[in-house]
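As a plain string of letters, each chain reads:
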Amino acid sequence: MSGNRFNAFQDHGVGIGLRIPHYEHIFSRKPVVDWFEIISENYMCDAGRPLATLDRILEQYRVVQHGVSMYFGSVTAPDPEHLKRLKNLVRRTKTPWLSDHLCWGSVDGAYTHDLLPLPYTWEAVERTVERVRMVQDYLEIPVAVENVSSYAAFTGSEMTEWEFLTEVVERADCGILFDVNNVYVSAMNHEFNPLDYVNAVPADRVAQIHIAGHSKYEKYILDTHDHPVIDPVWQLYARAIERCGPTPTLLEWDDHIPSFDEVHAEAKKAQRFLQPHATELVRAAK
Amino acid sequence: MSAHANVSTTPPTNRSLMDLAALQREMAAAVMQPLTPDENMRPTMPDGRSTTAVAASFIAPNTRLTAFERLEIYNRQYWYRVLGALAEDFPALRAVVGNSKFDALSIAYLAEHPSRSFTLRNLGSKLPAWVAAHPEHTGRRHRLAVDMAKLEWAFVEAFDAAELAPLTQRKIAALQGDSLLTLQPYLQLVALHYPADDLVIELHRREKRQTSEAGVAHEEVSGAQTAVPRLRPRPIWLAVHRVDLSVYYRRIVREEFQTLEAIRSGSALGEALDAGFIGSRIPESKRADRVREWFGDWAEFGWICAG
Ligand SMILES: [Fe+2]
């Protein structure tokens, strides 16, 4: 597997999200896992069990940090305390790159703890680029921004989501955490063709890929990370790998979490697209 | 599925002139406004404007959902998330006041104190004081509810707060009346109206909250109402602390509690001991022995650190 400068040229294979219900299994069985993704915020405390356990994981596994509250698109500046804690954690985990979302979620110091969509405007491009650059300079490791699932679009938008993503990552000179499930969810909610998105994303900047399951409602799809990956999402993944080459891939499963083995088996399905003979399989999946 | 993006069909003349800061303030205000009792978005904004008009001013509809309905998804998601987080951290308070009263209490609290932190861990930081000041939200068992809120917040702090290097036995032996000390940050001092510590342990056990490997593993918050036994009021002084990464509740006497509180608020050791024995019925002749015992415990648990 070949890396790029946005994932520090790492050959990470297929990982899964580290989740509390799986700790016991991981410590007692020591399963072979290419890598774990952690939610940074869960370990940005001062001491105690979360950090002690993380240290045990770090002894045996490669860990990549993924954040949920940097809010690159928020107009209010990030809390300096947040940045300081994040940097301390980066030193602890030695994460080769770090990701957070292309969204906003707090304003004037009040936090929604949600990943709220941005209007795709030039003003938002500028604001977001400034923030990504600032965080990347401060942390001194490559930063990747992740496309989110969204349920609302804005009347003020001046471009498509993929155009917006491209403008941001090119101007900020950062990587992309490309979430193909989010592409699918947003395509359904906003009535565009998800392949247009996958075909437009700057492939040389994709540091990592997320795959996940979701919930379908009558009138919209929610990104709930509580199901296996559906076939149309595997097809988008296949196309993404075809364009980006083998890329560190991670399965997200956050709710109704099944056994470790079940989650790991679901993640490992990605390997068939990453193997040397993958091209044929990619064709088969179409 | 159509191959075009919705955004490209919006004529430029319809575009909102709202800047990013204004959009985020407007959207956050709508998203964080409490839902109606039927869990829908409210028809009016806090300032009296129509939510339908506000939503339409910056959100585009699609073929299935209006601007109002699209914004409502975020409004609901916000409340489900923060209410869920609070219910996870305060299961015993929820059991004491009852599930529906707890929801109303949480909504009122969060409307007044929305999260000011990047982490949901701190969501309940102001809840103990808020519950104490709002008996109308707790019902008949107000003082027990206050106890629960205090204890469960102390649990959150004791679980992952900082740990300093404690004083060694030798340094403790050399302490003087004017020595300034710092308490271990994870040590929480909680005065209760009821022996609520046993009840919290029991309720957390029933909620299957286990401080197993690496975290507090929360089961899904259940909708079932948990029965709470009657308790007789009786003052309890509690040190909530951490041993081998697990949280424990240790009952201490009032004098020890007062001494620790005085140390925490910055008093030198001599003054802290004087404050500790205010109103004490422990005879003067026995006090030195008691203090020696406390220091033995503090050394064992690593509660005191250099000032
Ligand atoms: Fe994702």
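All values derive from a computational prediction rather than experimental measurement. (Residues numbered from 1 in each chain as written. Chains lettered and ligands numbered in written order. Predicted model: local features only at pLDDT ≥ 70, side-chain atom pairs only at ≥ 80, totals over all residues. Heavy atoms only, no water.)

Quick notes on the packing of aromatic side chains
Aromatic rings considered in pairs are described by the distance between their centres and by the relative angle of their planes. Residues and elements named next belong to chain A. One pass over the full model with this rule turns up 21 aromatic pairs over all chains. Seen from their ring centres, W234 and Y237 are 5.8 Å apart, and the 75 degrees between their planes marks the pair as edge-to-face. Residue W234 and its partner Y237 are located together in helix 8 (residues 231–244), separated by three residues, close to a single helical turn. Taken individually, W234 and Y237 each receive the classification buried, so the pair is uniform in this respect. Cluster of aromatic residues (ring-pair linked, three or more members): W162, F178, F192 and Y197. Sitting over the ring of F27, R56 keeps its end group 3.7 Å from the ring centre. (Phe/Tyr/Trp six-rings, centres within 6.5 Å; stacked < 30°, edge-to-face > 60°. Helix = DSSP H or I, 4+ residues; strand = E, 2+ residues; numbered from the N terminus. Buried < 20%, exposed > 50% of the residue type's maximum accessible area, 1.4 Å probe, protein only. Lys NZ or Arg CZ within 6 Å of the ring centre and 35° of its normal.)

Considering the coordination of the iron ion
All names here are of chain A. Within the protein, E146 (OE), D179 (OD), H210 (ND1) and E252 (OE) serve as the donor atoms for the iron ion, at 1.9 to 2.3 Å. Around the iron ion sit four donor atoms; with metal-centred angles ranging over 86 to 174 degrees, the donor geometry is irregular. Counting along the primary sequence, the residues that act as donors to the iron ion give the motif E-x32-D-x30-H-x41-E. In this pair, E146 sits in strand 7 (residues 143–146) while H210 sits in strand 10 (residues 206–212), placing the two residues 64 residues apart along the sequence. Each member of the pair, E146 together with H210, is buried. (Donors = N, O, S within 2.8 Å, 3.2 Å for Na, K, Ca; no water. Tetrahedral: all angles 85-135°; square planar, octahedral: opposite > 155°, others 65-115°.)

Let's talk about the confidence of the model for chain B
All names here are of chain B. Confidence along chain B averages 90 in pLDDT terms, with 89% of residues attaining 70 or more. Across residues 210–216 the pLDDT falls below 50, and counting only partners more than four positions away or on other chains, this stretch makes 28 contacts in the model. On the interface metric, ipTM, the complex scores 0.93, and its pTM is 0.91. (pLDDT = per-residue confidence, 0-100. Contact = heavy atoms within 4.5 Å.)

Quick notes on unusual backbone geometry
The phi dihedral of A:H113 falls on the positive side, at around 55 degrees, and the residue is not glycine. Within the secondary structure, A:H113 is located in strand 6 (residues 110–116).

Re the interface of chain B and chain A
Contacts between chain B and chain A engage 59 residues on the former and 65 residues on the latter. Together, the buried faces of chain B and chain A total about 5400 Å²; carbon and sulfur atoms form 60% of this surface. At the surface where chain B touches chain A, the tally comes to two salt bridges. Close ionic contact of A:D108 with B:R25 constitutes a salt bridge, the shortest N to O distance being 2.6 Å. Taken together, chain B and chain A are joined by 23 residue pairs in polar contact (both at pLDDT 80 or more). (Buried area = accessible area lost by both parts, 1.4 Å probe. Salt bridge = Lys/Arg side-chain N within 4 Å of Asp/Glu carboxyl O. Polar contact = N/O pair within 3.5 Å; in protein donor to acceptor, adjacent residues only side chain to side chain.)

What to know about the environment of B:P283
Residue and element names in this part refer to chain B. Relative to the assigned elements, P283 resides in the loop between helix 11 (269–276) and helix 12 (284–301). By relative accessible area, P283 is classed as partly exposed at 39%. Linking P283 and T182, residues 101 residues apart in sequence, is a C-alpha distance of 28 Å.

Describing the nonpolar core
Ranked by internal contacts, the top residues of the largest apolar core, which has 158 residues, are A:F36, A:F178, A:Y237, B:L93 and B:M148. When near neighbours in sequence (up to four residues on either side) are disregarded, A:F36 contacts A:I16, A:L18, A:I26, A:I57, A:Y61, A:R62, A:V63, A:V64 and A:F260. Counting 26 residues, the second-largest nonpolar core is a separate cluster that includes B:L175, B:A272, B:W294 and B:W298. (Core = buried A, V, L, I, M, F, W, Y, C linked by side-chain atoms within 4.5 Å.)

A word on helix 9 (residues 196–206) of chain B
What sets the pattern is the α-helix's 3.6 residues per turn: residues three or four places apart point alike. All names here are of chain B. The set of residues buried in helix 9 consists of A196, D197, L199, V200, L203 and H204. Looking straight down helix 9, one finds that the buried residues subtend no more than 160 degrees of arc, so they occupy a single side. Taken together, the buried residues of helix 9 touch helix 4 (91–97), helix 7 (142–160), strand 3 (188–192), strand 4 (236–243) and strand 5 (246–252). (Arc of directions from axis to C-beta.)

Looking at the sheet that holds strand 3 of chain B
All names here are of chain B. Strands sit in the order 3-4-5 across an open sheet of three strands; the sheet is antiparallel. The open sheet terminates on both sides in strands that have one partner only, identified here as strand 3 and strand 5. Between one strand axis and the next, the sheet turns by 30 degrees as a mean value, whatever way the strands run. Pairing between strand 4 and strand 5: seven bridges, direction antiparallel. Considered in strand 5, the bridge of W237 is made with I252. (Pairing = 2+ DSSP bridges. Axes fitted to C-alpha atoms, helices over the stretch in contact; angles between N-to-C directions.)

Observations regarding the sheet that holds strand 7 of chain A
All names here are of chain A. Spatially, the eight strands close up into a barrel ordered 1-2-3-4-7-9-10-13, and their pairing is parallel. Here the strands of the sheet are splayed against their neighbours by 30 degrees on average, with no regard to which way each runs. Lying over the sheet, helix 9 (residues 260–268) contacts strand 1 (14–17), strand 2 (36–39) and strand 13 (249–252), oriented at roughly 140 degrees with respect to strand 1.

Brief notes about the pairing of strand 6 of chain A
Across the seven residues of strand 6 of chain A, six count as buried, placing the element largely inside the fold. The turn joining strand 5 (residues 104–107) of chain A and strand 6 of chain A, which pair antiparallel and follow one another in sequence, is formed by two residues; a positive phi near 50 degrees is taken by A:D108.

Structural notes on the state of the cysteines
Tallying each qualifying case throughout the model produces zero disulfides over all chains. The thiol of A:C103 is unpaired, and the distance to the nearest cysteine sulfur, on A:C174, comes to 13 Å. (Disulfide = S-S within 2.5 Å.)

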